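The lines below spell out each chain.
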Amino acid sequence: RILQPLFNFVRVFDEEHLQFVHYSFYEFYVADYIGHGLIDCYRTENKQVGALFRRDLPSEIRHHLIERLSLDTCNGLSAWLGHVYSNELRADIYKPNELRVIRNLLSYLLGRLPEKNDEVLWGLLRAETDLFLRNALYWALCGRGSLQGLKECTQMLTTDREFGELNRGYLLYYYGDIDH
């Protein structure tokens, strides 16, 4: 009864299925599921957090996820995510494109978590060789208000043609103008 206002019953051929009344309920619950999974991984020191992020998340789910994670006070979550990013995502478990998606999402989270974590982001940026992920890390730093990050990113955009092209593609992708 309590959940009934959230769903419609939809008939597909001869079977009845539940469908969210509004897509935003779906986005909220997916973000809540991922948020709980991430916090559980952190609290139990389970480094397989990458399994939660193998596929990219639409911006609405990302926004709900940040709201969800902001409710929990998990001191040290940023440092742990940085450790997972740099040490626990192995190529024998994940495909190269999955690694990029996972690390991109971790960069996104690190750039928006309320916990102070600039040093984590700088450490990841200095070690990262993938230009797409460097771009994601610069955006995370800029989103946190890092003037040094903005300065370096701007310099890269003006001096490195490939980085500039990747940045344009990253923005088109991030804002939904192009698919994965």
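Note that the coordinates shown come from a computational prediction; the quantities given were computed from them, not determined experimentally.

**Student:** Any chance you could explain the overall build of the protein chain here in plain terms?
**Tutor:** Scanning the protein chain from N- to C-terminus turns up eight helices and two strands. For the protein chain, the α and β elements follow one another from N to C terminus as β-β-α-α-α-α-α-α-α-α. Buried positions account for 41% of the 180 residues belonging to the protein chain. Pairs at least 24 apart in sequence give 65% of the contacts found in the protein chain among residues at least 6 apart. When the accessible surface of the protein chain is totalled, it reaches about 11,000 Å², and 54% of it is carbon and sulfur.

**Student:** Would you mind showing me how to read the pattern of salt bridges here?
**Tutor:** A side chain of one charge can pair with a side chain of the opposite charge if their charged atoms are brought near each other. According to the stated counting rule, one finds eight salt bridges in the structure shown. Between Asp-118 and Arg-144 there is a salt bridge, with its nearest N and O atoms 3.1 Å apart. On the criterion of sequence distance, the pair formed by Asp-118 in helix H5 (residues 118-127) and Arg-144 in the loop between helix H6 (131-143) and helix H7 (147-159) is long-range, its members being 26 residues apart.

**Student:** Is there a simple way to think about the packing of aromatic side chains in this case?
**Tutor:** Any two aromatic rings considered together are summarised by their centre-to-centre distance and by the angle between their planes. Counting across every chain of the model gives three aromatic pairs. An angle of 65 degrees between the planes, with centres 5.6 Å apart, marks the rings of Tyr-42 and Trp-80 as edge-to-face. Placement of the pair is Tyr-42 in helix H1 (residues 23-44) and Trp-80 in helix H3 (residues 77-88), with a sequence separation of 38 residues. Classification of Trp-80 as buried rests on a relative accessible area of 10%. Ring centres of Tyr-138 and Phe-163 lie 6.0 Å apart, and the angle between their planes is 85 degrees; this geometry places the pair in the edge-to-face category. Of this pair, Tyr-138 sits in helix H6 while Phe-163 sits in helix H8 (residues 161-174), and the two are 25 residues apart along the sequence. Accessibility classification places Tyr-138 together with Phe-163 in one group, the buried group.

**Student:** Would you mind going over the nonpolar core with me for this structure?
**Tutor:** One recurring pattern in soluble globular proteins is that nonpolar side chains are buried together. Counting residues in hydrophobic clusters, the biggest one holds 47 residues, and the most contacted among them are Phe-53, Trp-80, Leu-106 and Leu-109. Of all the elements in the fold, those that place two or more residues in this core are H1, helix H2 (59-71), H3, helix H4 (96-110), H5, H6, H7 and H8. The residues contacting Trp-80, other than those within four sequence positions of it, are Leu-38, Cys-41, Tyr-42, Glu-45, Asn-46, Lys-47 and Val-49.

**Student:** Which parts of the structure should I look at to understand H6?
**Tutor:** One turn of an α-helix holds 3.6 residues; hence residues three or four places apart share an orientation. Here H6 contains 13 residues, and its C-alpha end-to-end distance of 18 Å stays within 8% of the 18 Å for a straight helix at 1.5 Å per residue. Burial runs high along H6: ten of the 13 residues are buried. Within the span of H6, buried status applies to Leu-131, Phe-132, Leu-133, Arg-134, Asn-135, Ala-136, Leu-137, Tyr-138, Ala-140 and Leu-141. The opening residue of H6, the one whose side-chain oxygen lies 2.8 Å from the backbone nitrogen of Phe-132, is Asp-130. Phi for Gly-145, located one or two positions after H6, is positive at around 90 degrees.

**Student:** Mind showing me how you'd approach unusual backbone geometry here?
**Tutor:** Leaving glycine aside, a negative phi is the common case for residues, and trans is the common case for peptide bonds. Positioned with a positive phi, Glu-45 is a non-glycine residue whose angle comes to about 55 degrees. Of note, Glu-45 is situated in the loop between H1 and H2.

**Student:** Mind showing me how you'd approach the environment of Gly-82 here?
**Tutor:** By the secondary structure assignment, Gly-82 is in helix H3. For the pair Gly-82 and Leu-121, spaced 39 residues apart in sequence, the C-alpha to C-alpha distance is 7.5 Å. Among all residues touching Gly-82, those that are not within four sequence positions of it are Leu-110, Val-120 and Leu-124.

What counts, and where the lines are drawn
- Residues numbered from 1 in each chain as written.
- Predicted model: local features only at pLDDT ≥ 70, side-chain atom pairs only at ≥ 80, totals over all residues.
- Heavy atoms only, no water.
- Helix = DSSP H or I, 4+ residues; strand = E, 2+ residues; numbered from the N terminus.
- Buried < 20%, exposed > 50% of the residue type's maximum accessible area, 1.4 Å probe, protein only.
- Contact = heavy atoms within 4.5 Å.
- Areas by Shrake-Rupley, 256 points an atom, 1.4 Å probe, with all protein chains shown as cover.
- Salt bridge = Lys/Arg side-chain N within 4 Å of Asp/Glu carboxyl O.
- Phe/Tyr/Trp six-rings, centres within 6.5 Å; stacked < 30°, edge-to-face > 60°.
- Core = buried A, V, L, I, M, F, W, Y, C linked by side-chain atoms within 4.5 Å.
- Expected span 1.5 Å × (residues − 1).
- Polar contact = N/O pair within 3.5 Å; in protein donor to acceptor, adjacent residues only side chain to side chain.

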